[in-house]
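Inside the fold
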Amino acid sequence: MVISRRHLLKDASGLLAAPWLTQFALTQTHEPAPTVSAATDPLSYVNPEFRAGLAGHTPTTSLDADLLQKARDWENGKAATPPLPGVSEHLVDGAHGSPKVRLYVVGDLPGASKPAVLHIHGGGYVLMSGAITQAEIELVKKLDCVVVSVDYRLAPETKFPGSLEDNYAALRWMNENSRQLGIDPSRIAVKGESAGGGHAAMLTLAVRQRKEFAFCQQILIYPMLDDRTGSTRDVPPYIGHYMW
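From a predicted model like this one, the values you see are computed outputs, not experimental measurements.

So, the pairing of strand S5 (residues 183-193)
The buried count for S5 comes to eight of eleven residues, which makes it a mostly enclosed element. Across six bridges, the pairing between strand S3 (residues 114-120) and S5 is parallel. Bridge pairing links Ala116 to Ile188 in S5. Pairing of S5 with strand S6 (residues 217-221) involves five bridges; the strand directions are parallel. Within the sheet, the bridge partner assigned to Glu193 lies in S6 and is Ile221.

A closer look at helix H6 (residues 134-143)
Glu136, Ile137 and Val140 are the residues of H6 that are buried. What you see down the axis of H6 is that its buried residues fit within an arc of 105°, all on one side. Of the exposed residues in H6, the ones pointing more than 90 degrees away from its buried face are Ala135, Lys141 and Lys142. Looking at the buried positions of H6, the neighbouring elements they touch are strand S2 (101-106), S3, strand S4 (146-151) and S5. Immediately beyond the C-terminal end of H6, within one or two residues, lies Asp144, with a positive phi of roughly 50°.

Considering the nonpolar core
In this structure, Leu103, Leu118, Val148, Trp173, Met174, Leu203 and Phe215 are the most contacted members of the largest nonpolar core, which totals 30 residues. Counting residues per element, the ones that place at least two in this core are S2, S3, S4, helix H7 (162-176), S5 and helix H9 (195-210). For this core, the leading source of residues is H7, giving seven residues. Residues within four places of Leu103 in sequence aside, it is in contact with Ser88, Glu89, His90, Val92, Val148, Ser149, Val150, Ala170 and Trp173. Counting nine residues, the second largest nonpolar core, distinct from the first, contains Val87, Tyr104, Ile132 and Ile137.

Overview of the packing of aromatic side chains
Counted by the stated rule, this structure contains one aromatic pair. On the basis of an interplanar angle of 50° and a centroid distance of 5.9 Å, the ring pair of Tyr168 and Phe213 is categorised as tilted. Here the residue Tyr168 occupies a position in helix H7, and Phe213 occupies one in the loop between H9 and S6, the gap between them amounting to 45 residues. Neither residue differs from the other here; Tyr168 and Phe213 are each classed as buried. The aromatic ring of Tyr168 is capped on one face by Arg210, whose charged end is 4.4 Å from the ring centroid.

Considerations on the packing of H7 against H9
Relative orientation of the contacting elements H7 and H9 amounts to 65°, with a least axis distance of 10 Å. Classified by the interaxial angle, the pair formed by H7 and H9 is roughly perpendicular. Crossing handedness for the pair H7 and H9: right-handed. On the side of H7, the interface is formed by Ser163, Leu164, Glu165, Asn167, Tyr168 and Leu171, while H9 contributes His199, Met202, Leu203, Ala206, Val207 and Arg210. Its residues assigned to classes, the contact of H7 with H9 shows seven nonpolar, three polar and two charged.

Let's talk about the sheet that holds S4
Read across the open sheet, the six strands follow the order S1-S2-S4-S3-S5-S6; overall the sheet is mixed. If you trace the sheet from one side to the other, it starts and ends with strand S1 (88-92) and S6, each paired once. On average, each strand axis in the sheet is inclined to that of its neighbour by 25°, with strand direction left out of account. Judged from the five bridges that link them, S2 and S4 form a sheet pairing that is antiparallel. Pairing of Val106 across the sheet is with Val147, part of S4. Strands S1, S2, S3, S4 and S5 of the sheet are contacted by H7, whose axis makes an angle of about 165° with S3.

Description of unusual backbone geometry
Between Ala155 and Pro156 the backbone carries a cis peptide bond, its omega angle lying at 0°. Of note, Pro156 is situated in the loop between S4 and H7. The step from Phe160 to Pro161 runs through a cis peptide bond, and the omega angle for that step is 5°. With respect to the element layout, Pro161 can be found in the loop between S4 and H7. The backbone of Lys211 shows a phi angle near 60°, a positive value even though the residue is not glycine. With respect to the helices and strands, Lys211 occurs in the loop between H9 and S6. The exposed category is assigned to Lys211, whose relative accessible area is 70%.

Cut-offs applied
- Residues numbered from 1 in each chain as written.
- Predicted model: local features only at pLDDT ≥ 70, side-chain atom pairs only at ≥ 80, totals over all residues.
- Heavy atoms only, no water.
- Buried < 20%, exposed > 50% of the residue type's maximum accessible area, 1.4 Å probe, protein only.
- Helix = DSSP H or I, 4+ residues; strand = E, 2+ residues; numbered from the N terminus.
- Pairing = 2+ DSSP bridges.
- Arc of directions from axis to C-beta.
- Contact = heavy atoms within 4.5 Å.
- Core = buried A, V, L, I, M, F, W, Y, C linked by side-chain atoms within 4.5 Å.
- Phe/Tyr/Trp six-rings, centres within 6.5 Å; stacked < 30°, edge-to-face > 60°.
- Lys NZ or Arg CZ within 6 Å of the ring centre and 35° of its normal.
- Axes fitted to C-alpha atoms, helices over the stretch in contact; angles between N-to-C directions.
- Parallel < 35°, antiparallel > 145°, perpendicular 65-115°, else oblique.
- Left-handed = near helix turned anticlockwise from the far one by under 90°.
- Nonpolar A, V, L, I, M, F, W, Y, C, P; charged D, E, K, R; others polar.

Laid out in structure tokens, this is it:
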């Protein structure tokens with residue numbers, strides 16, 4: 001699947017429209033190395049195509065639990081609507097010693113043999129939920145498939161491999177309940193956008209290593225896979241002045 005710059009910009013502008021996310025997205029997480037360009041124009045760190053959307057905003061210097069909770073409260077309020085028609089909710093067993101995992105399912109039909117998509121949502125690893133959206137409904141309509149979306153536990157409260165095991169538990173449940181869901185186990189794909197793309201890639205590696213199940217396809221949409229923005233290596237000066 002190809003994501004054009006136009007689509008990426010449309011997605012970014014939509015995110016920046018959120019009242020809390022302007023501050024959240026511009027938060028400075030690493031102190032960049034001093035440079036003349038940074039001192040005179042922080043936007044010099046940003047790709048020219050994105051600068052117009054950030055013009056007039058000043059980066060803040062704190063990303064803390066209070067700001068994260070405000071972001072989550074805003075998201076929860078936005079999502080506090082009745083489930084879309086045809087969507088069911090399930091609590092399934094997680095990994096040993098872990099809490100149950102919440103899943104949302106749409107398109108299931110007992111006795112059928114449909115392709116299926118395990119959807120892993122985005123949100124920077126710290127935001128949003130697995131609730132089914134209109135995008136998943138449209139996917140079901142177009143492909144006549146089953147979509148299972150995972151409400152994995154979020155960082156920073158949940159450390160690795162907690163969220164990985166939540167996503168793996170969803171895949172296990174899909175395979176073990178394939179007849180009731182109307183899923184063909186040989187045609188299960190994994191899909192995720194942004195943080196969900198990172199999770200999908202991580203899950204695919206775990207599936208390959210554990211050899212219990214299999215994916216027929218991996219779909220990574222603008223995935224968070226760039227190790228240069230993490231804390232396990234030296235961070236270039238242009239990374240971190242604007243989060244994301």
